[in-house]
Amino acid sequence: MKFDDVLREIGEFGAYQKRVYFLATLPLILSAFEAMSVVFIFHIPPHRCAIPHDPNDHYHVTNDTHLDALNDTIPREEDGTWSKCQVYSDVFPDVTLANHSNGIAEGYDFAGETSTCDRWVYDYSVFESTIPEEHVTVLCPMFDIAREVSVHVFDIARDGSVHVFDIALFDMSTCRFCAQFDIVCDRSVYRASSNMMAEIGCLVGTLLCGFLADRFGRKIPFYLGGLTLIAGGFGIAFSPSLPILNICRFIIGVARMTLMVNGLVLGMEMVGPSKRVFAGTFIEVMWCVGLFLLLPIAYLVRHWRYLEIALSVPSVVLLAYWWLLPESPRWLAAKGRKEEALKVLEKITASNRTTLPRVDDVTQLLEAERTLSFRHVLQSRELVVRVLILFCNMFVLVLNYYALTYNITNLTGDVFVNFLMNSIMETVGLTAPYFVLDRFGRRRIYCGSIFIGGLASVGCVLPGLLGGPDWVIVALALAGRLFVCIAFSTLYTYGAELFPTVVRASTMGVGVTFSRLGGIAGPYIADMGFLVGGELKEALPLIVMGVPALFVGLLSLRLPETMGTKLPETLDDVDRVTRSMDDVCVLCDNDCG
């Protein structure tokens, strides 16, 4: 008797299995918190260069004196706003520091040439603080008592007031100040690099979780992922510098994938065959629940450090998971740990009020099918073609998904409204395939959705070039996200059905690992507009995402339809079906001739 046969007899999705499944998939909400919080904590607020030599400057114009100082020191952009990155060169006040707060006007001398500014002021009307505008000053306690130096320290408050302190230090040459983040202008690439570190962490987590799950079971790496998520979340909240923050984001990426993969495997291995489609879809629902819970938290907590703390506190509940979750009975059976496997099965039978069938040998609970490694796929020409198409699609889809995610903060309009609309589109896109795949077919749904999504993204070039309203680009971006999510959800069902049983797991595992490269490239695509600039600044990332999506949509028409067909079990099954299809095509051509 195989494991699935046992589950059919004792119950496929009883109360105990539902509890374990719910607990195993609940951390997807926490993973969504950490993955999507970048939309808010890395939001770049409106900003401009600060008036040189003026410690009282702040973003909004306060009076005519302040306006004159801005006109004298900061050039205008083409759209009429003051420059975000340039100031007039050799700017200095005639007599003393211009103090626009008390109305004392001082003239400025300048040469008319511009240079890059090194100080910025930000608009705090939406967020109290975000990472790109954060100012951090750290005084290192490394003193040489041989020399004493008195210095002035300026503390500039939010309201523009300045407090001056005299501090006695010893040997200023050994003291180091950690300056502000200021991830703007030529430093804006640091935001994409930080997001890239999180995606590299996801790649490492993907590589690790399979090895750890097979070696140590599902429970141990799952619990370690929870501990890592807690450490990384609070580490981000208290990061004193960008390098430390990036390390914590890498840790978060590893934790996210470890929790998601092991939670998915553990939950699915407790469920009977007839309930796995529902279980696989409900995991997407848990992710979407995290999106909708994140929005009100981010709306209420406008300081990025406090927001990160608020999002990390719920993850503390994962500390109790060691006592709440059992080990997977399938894995226990695979390792020959009969008594432990039977104990879990007995809990299922007690919950479902059924009787456990007699199992003399625990190895009878295992599927006896022979599995092959990924290299065996290369022996079949047809499978090589399918692998290349699948990998291209996985790369493009993950790139589009994360690029669209990171691009939310770059779109015009209210960031909270944009996030809400994107979350709605994602929820519809991830759950819709459950209702339509068995009716309209895999290939038609997948190719149509990825192509329409790419077309919507490429269409952003029209309002960008023709000067259309900004909401058109936002609407096209939302449409692109909807259809990309439909394709994303469809591909993992469709892709698995394209390969025979003996290589299905290894092929999909390599494909998922390869797809993380798209996640690594996604942050740079999303911020391409900031780095390049120009009239297409907002539309450029969407265009770069859309063109590859159109290509893989057309390329995927080469794949066969799998709805209603018997899935291949061996490599020979694929070649046999392919040869029969070729024979049909030849007969059709002859008849037509």
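The shown structure was predicted, so the numbers you read here are calculated from the model rather than taken from an experiment.

**Q** Residue-level account of the overall build of the protein, with values.
**A** Of regular secondary structure, the protein possesses 23 helices and 8 strands. For the protein, the share of sequence-separated contacts (at least 6 apart) that also reach a separation of at least 24 residues comes to 80%. Total accessible area computed for the protein in this model is approximately 27,400 Å², and 63% of it derives from carbon and sulfur atoms.

**Q** Talk me through the pattern of salt bridges; I want residue IDs and the actual numbers.
**A** When their charged atoms lie close together, side chains carrying opposite charge are able to pair. Tallied over the entire structure, the rule returns 7 salt bridges. For Asp-57, the salt bridge is made with Arg-48, and the minimal N-O distance between the two is 3.0 Å. Exposure remark for Arg-48: the relative accessible area of 2% places this residue in the buried category. A salt bridge links Glu-426 to Arg-481; its shortest N-O distance comes to 2.6 Å. Here Arg-481 lies in helix α19 (residues 470–497) and Glu-426 lies in helix α15 (residues 415–431), a separation of 55 residues in the sequence. Assigned by exposure class, Glu-426 and Arg-481 land together as buried.

**Q** Break down the state of the cysteines for me, citing the residues and quoting the values.
**A** Taken as a whole, this structure holds 2 disulfides when the rule is applied. Across a sulfur-sulfur distance of 2.1 Å, Cys-49 and Cys-117 are joined as a disulfide pair. A torsion of -65 degrees about the S-S bond marks the disulfide between Cys-49 and Cys-117 as left-handed. Of this pair, Cys-49 sits in strand β1 (residues 47–49) while Cys-117 sits in the loop between β5 (114–116) and β6 (120–122), placing them 68 residues apart in sequence. On the basis of relative accessible area, Cys-49 is assigned to the buried category, the value being 0%.

**Q** With reference to specific residues and values, describe unusual backbone geometry.
**A** The backbone of Cys-185 sits at a positive phi, close to 55 degrees, despite the residue not being glycine. We classify Cys-185 as buried; its relative accessible area is 17%. With a phi close to 55 degrees, Arg-353 is a non-glycine residue in the positive phi region. Structurally, Arg-353 can be placed in the loop between α13 (338–352) and α14 (381–407).

**Q** Break down empty space enclosed by the protein for me, citing the residues and quoting the values.
**A** Per the counting criterion, the structure on display carries 5 cavities of 30 Å³ or more. Roughly 40 Å³ of volume is contained in the largest cavity. Considering the residues around the largest cavity, the lining is formed by Val-38, Val-39, Phe-42, Arg-191, Asn-195, Tyr-406, Thr-409 and Asp-527. At the level of secondary structure, the elements contributing two or more residues to the lining of the largest cavity comprise α4 (38–41) and α6 (189–216). Its residues assigned to classes, the lining of the largest cavity shows 4 nonpolar, 2 polar and 2 charged.

**Q** Residues and numbers for the packing of helix α7 (residues 219–237) against helix α8 (residues 242–269), please.
**A** Taken N-terminus to C-terminus, the directions of α7 and α8 make an angle of 150 degrees; their axes are 8 Å apart at the nearest point. When the axes of α7 and α8 are compared, the pair comes out roughly antiparallel. The chirality of how α7 crosses α8 is left-handed. Counted together, Pro-221, Phe-222, Gly-225, Gly-226, Thr-228, Leu-229, Gly-232, Gly-233, Gly-235 and Ile-236 of α7 and Leu-245, Cys-248, Arg-249, Ile-251, Ile-252, Ala-255, Thr-258, Leu-259, Asn-262 and Gly-263 of α8 form the full contact between these two elements.

**Q** Lay out the nonpolar core in plain terms, naming residues and giving numbers.
**A** Soluble, globular proteins show a tendency: their nonpolar side chains are buried together. Met-36, Phe-40, Ile-131, Trp-287, Leu-397, Phe-419 and Tyr-446 are the most contacted members of the largest nonpolar core, which totals 119 residues. For this core, the leading source of residues is α14, giving 15 residues. Excluding anything up to four places from it in sequence, Met-36 contacts Trp-287, Leu-291, Leu-294, Tyr-401, Thr-405, Phe-419 and Arg-481. Counting residues in hydrophobic clusters, the runner-up holds 13 residues, among them Cys-49, Ile-51, Val-87 and Tyr-122.

**Q** Give me helix α17 (residues 442–458): which residues, what numbers.
**A** In a regular helix each residue adds 1.5 Å, so 17 residues correspond to 24 Å; α17 covers 24 Å between its end C-alpha atoms and thus fits that length. If you check which residues of α17 are buried, you get Arg-442, Ile-445, Tyr-446, Cys-447, Ser-449, Ile-450, Gly-453, Gly-454, Ala-456 and Ser-457. Buried residues in α17 make contact with α14, α16 (433–440), α19 and α22 (540–555).

**Q** How would you summarise the packing of aromatic side chains if you had to cite specific residues and measurements?
**A** Within the structure shown, the criterion is met by 15 aromatic pairs. Aromatic pair Tyr-401 and Tyr-402: ring centres 5.0 Å apart, planes at 85 degrees, arrangement edge-to-face. With a relative accessible area of 9%, Tyr-402 lands in the buried category. Note on Tyr-401 and Phe-488: the rings are 5.6 Å apart at their centroids and 45 degrees apart in plane angle, and the pair reads as tilted. Taken together, the residues span a long stretch of sequence, with Tyr-401 in helix α14 and Phe-488 in helix α19 at a distance of 87 residues. The buried category is assigned to Tyr-401, whose relative accessible area is 7%. One aromatic cluster in this structure is built from Phe-40, Phe-127, Tyr-299, Phe-416 and Phe-419.

**Q** Kindly report on the packing of α15 against α16, identifying the contributing residues and their values.
**A** Packing of α15 against α16 brings their axes to within 6 Å, and their N-to-C directions diverge by 40 degrees. Taken as axis vectors, α15 and α16 run oblique relative to one another. Contact residues: α15 offers Gly-429, Leu-430 and Thr-431, while α16 offers Pro-433, Tyr-434 and Phe-435. A breakdown of the residues in the contact of α15 with α16 according to their chemical character gives 4 nonpolar, 2 polar and no charged.

What counts and how
Residues numbered from 1 in each chain as written. Predicted model: local features only at pLDDT ≥ 70, side-chain atom pairs only at ≥ 80, totals over all residues. Heavy atoms only, no water. Helix = DSSP H or I, 4+ residues; strand = E, 2+ residues; numbered from the N terminus. Contact = heavy atoms within 4.5 Å. Areas by Shrake-Rupley, 256 points an atom, 1.4 Å probe, with all protein chains shown as cover. Salt bridge = Lys/Arg side-chain N within 4 Å of Asp/Glu carboxyl O. Buried < 20%, exposed > 50% of the residue type's maximum accessible area, 1.4 Å probe, protein only. Disulfide = S-S within 2.5 Å. 1 Å grid on protein atoms, 1.4 Å probe; cavity = no way out; pocket = protein on both sides within 12 Å on 5 of 7 lines; lining within 4 Å. Points joined across faces, edges and corners; volume = space filled by probe spheres on them. Nonpolar A, V, L, I, M, F, W, Y, C, P; charged D, E, K, R; others polar. Axes fitted to C-alpha atoms, helices over the stretch in contact; angles between N-to-C directions. Parallel < 35°, antiparallel > 145°, perpendicular 65-115°, else oblique. Left-handed = near helix turned anticlockwise from the far one by under 90°. Core = buried A, V, L, I, M, F, W, Y, C linked by side-chain atoms within 4.5 Å. Expected span 1.5 Å × (residues − 1). Phe/Tyr/Trp six-rings, centres within 6.5 Å; stacked < 30°, edge-to-face > 60°.

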